[in-house]
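The chain contents come next:
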Amino acid sequence: MAEGCVVVVGGTRGLGLAVARHYAGRGREVVLAGRDQRRAEAVAAEVGGKTSGLGLDLARPEELADRLAGVGRVAHLVLAAIDRDENTVRGFDLDSATRLVTLKLVGSTEVVHRLLPRMDPEASVVLFGGRAKDRPYPGSTMVSTVNGGVAGLTSSLAVELAPIRCNAIHPGIVGDSPYWAAKGEPVLERYRNQTPSGRLTTMADVVGAVVFLLENRSVTGVNLYVDAGWLLR
Ligand SMILES: NC(=O)c1ccc[n+]([C@@H]2O[C@H](COP(=O)([O-])OP(=O)(O)OC[C@H]3O[C@@H](n4cnc5c(N)ncnc54)[C@H](OP(=O)(O)O)[C@@H]3O)[C@@H](O)[C@H]2O)c1
């Protein structure tokens, strides 16, 4: 097992928080990060165990070296943050597009760059992309774009960081995640009807897949689709 803590950027909510809870529940030291220091600390206190909160903004990559200065040895790094914009090419919002690309691709890479000296050869990284790269929805222009970028970044990091491993998870619609659950039953039912099993991916499914990607020593450079077969129908 790799030495050090589990860092989850985007760990204050949703899928990142579920991963943080998993490792805290197993007695690991966890650092969960979101934009606001106080909020991150409050969530960390609620998770309990050996969990601490860290405020950092991936959309401000020039600040990340300082923000990460207090983090010690890192065993596993999970980059799960997202600040979804509702963008289209016809109504293109330049500021929100730039913010999302910066946080998801540049900010995430800067975090890896800064934490790399604190990782031993057994360490691993998981990036979060998503199936919007293959099945765009209205407003997903930049989400689809950065999800594609995550796939390319994963391949590059798997080569550049070796023997440290890097993989990506691309979930489908995670029905019990806060983002999708808030859209309500009629919307979820529509997506359920699009999967072969008639069920949607769950948060627990995603956590299990992230743990596999982080811990299986033969898995690197994989872009894993955890989507209940969404695109098969
Ligand atoms: N939910 C799904 O069904 C689904 C499907 C496919 C892919 N995904 C992907 O899975 C990942 C997690 O999704 P989610 O639904 O769990 O997201 P979420 O519930 O919206 O949570 C997003 C997290 O990112 C943090 N964050 C936002 N902007 C940030 C910034 N600039 N710097 C640092 N942290 C920031 C938020 O923390 P603060 O608000 O505290 O800053 C929060 O912890 C994302 O990459 C998403 O694209 C999710």
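Residues numbered from 1 in each chain as written. Predicted model: local features only at pLDDT ≥ 70, side-chain atom pairs only at ≥ 80, totals over all residues. Heavy atoms only, no water.

Novice: What should I look at first to understand the layout of surface pockets in this one?
Specialist: Where empty space is left becomes clear once a probe the size of a water molecule has been rolled over the atoms. Its volume calculated, the largest pocket comes out at about 940 Å³. Contributing to the lining of the largest pocket are 43 residues, with A80, A81, I82, D83 and R84 lying nearest its centre. Contributions of two or more residues to the lining of the largest pocket are made by α1 (14-25), β2 (29-34), α2 (37-47), α4 (94-115), α5 (141-160) and α6 (178-181). A per-class count over the lining of the largest pocket returns 22 nonpolar, 11 polar and 10 charged. (1 Å grid on protein atoms, 1.4 Å probe; cavity = no way out; pocket = protein on both sides within 12 Å on 5 of 7 lines; lining within 4 Å. Points joined across faces, edges and corners; volume = space filled by probe spheres on them. Helix = DSSP H or I, 4+ residues; strand = E, 2+ residues; numbered from the N terminus. Nonpolar A, V, L, I, M, F, W, Y, C, P; charged D, E, K, R; others polar.)

Novice: Would you mind showing me how to read the environment of L214 here?
Specialist: Its location among the elements puts L214 in helix α8 (residues 203-215). Classification of L214 as buried rests on a relative accessible area of 0%. The spacing of L214 and V78 is 136 residues in sequence and 8.6 Å in space, taken between C-alpha atoms. Each residue touching L214, except ones within four places of it in the same chain, is listed here: Y23, H76, L77, V78, S124, V125, V126 and R165. (Buried < 20%, exposed > 50% of the residue type's maximum accessible area, 1.4 Å probe, protein only. Contact = heavy atoms within 4.5 Å.)

Novice: Would you mind going over the nonpolar core with me for this structure?
Specialist: Nonpolar side chains in soluble globular proteins tend to end up buried together. In this structure, V7, V9, L77, V111, L115, V125 and L127 are the most contacted members of the largest nonpolar core, which totals 37 residues. If you list the elements that add at least two residues to this core, you get β1 (5-9), β2, β4 (74-79), α4, β5 (124-128), α5 and β6 (165-171). Ignoring sequence-local partners within four residues, the contact set of V9 consists of A33, L56, L58, L77, V78, L79, A80, A81 and V111. Core analysis: the next-biggest nonpolar cluster, separate from the first, contains 31 residues, A18, V78, V174 and V210 among them. (Core = buried A, V, L, I, M, F, W, Y, C linked by side-chain atoms within 4.5 Å.)

Novice: When you look at the confidence of the model for the protein chain in this model, what are you seeing that I'm missing?
Specialist: Low pLDDT marks stretches whose predicted atomic positions should not be read closely. Per-residue confidence for the protein chain averages 97 on the pLDDT scale, and 100% of its residues sit at or above 70. Per-element confidence in the protein chain is highest for β1, whose mean pLDDT is 99, and lowest for helix α7 (residues 185-192), whose mean pLDDT is 96. (pLDDT = per-residue confidence, 0-100.)

Novice: When you look at the pattern of salt bridges in this model, what are you seeing that I'm missing?
Specialist: Oppositely charged side chains may form a pair once their charged atoms are brought near each other. Going through the model one piece at a time under the given rule, you end up with 13 salt bridges. Among the ionic pairs, R131 bridges to D134, the shortest N-O distance being 2.7 Å. Since its relative accessible area comes to 10%, R131 is described here as buried. Look at D134 and you get partly exposed, because its relative accessible area is 35%. For R192, the salt bridge is made with E185, and the minimal N-O distance between the two is 2.9 Å. Salt bridges linked by common partners bring R131, K133, D134 and D227 together as one network. (Salt bridge = Lys/Arg side-chain N within 4 Å of Asp/Glu carboxyl O.)

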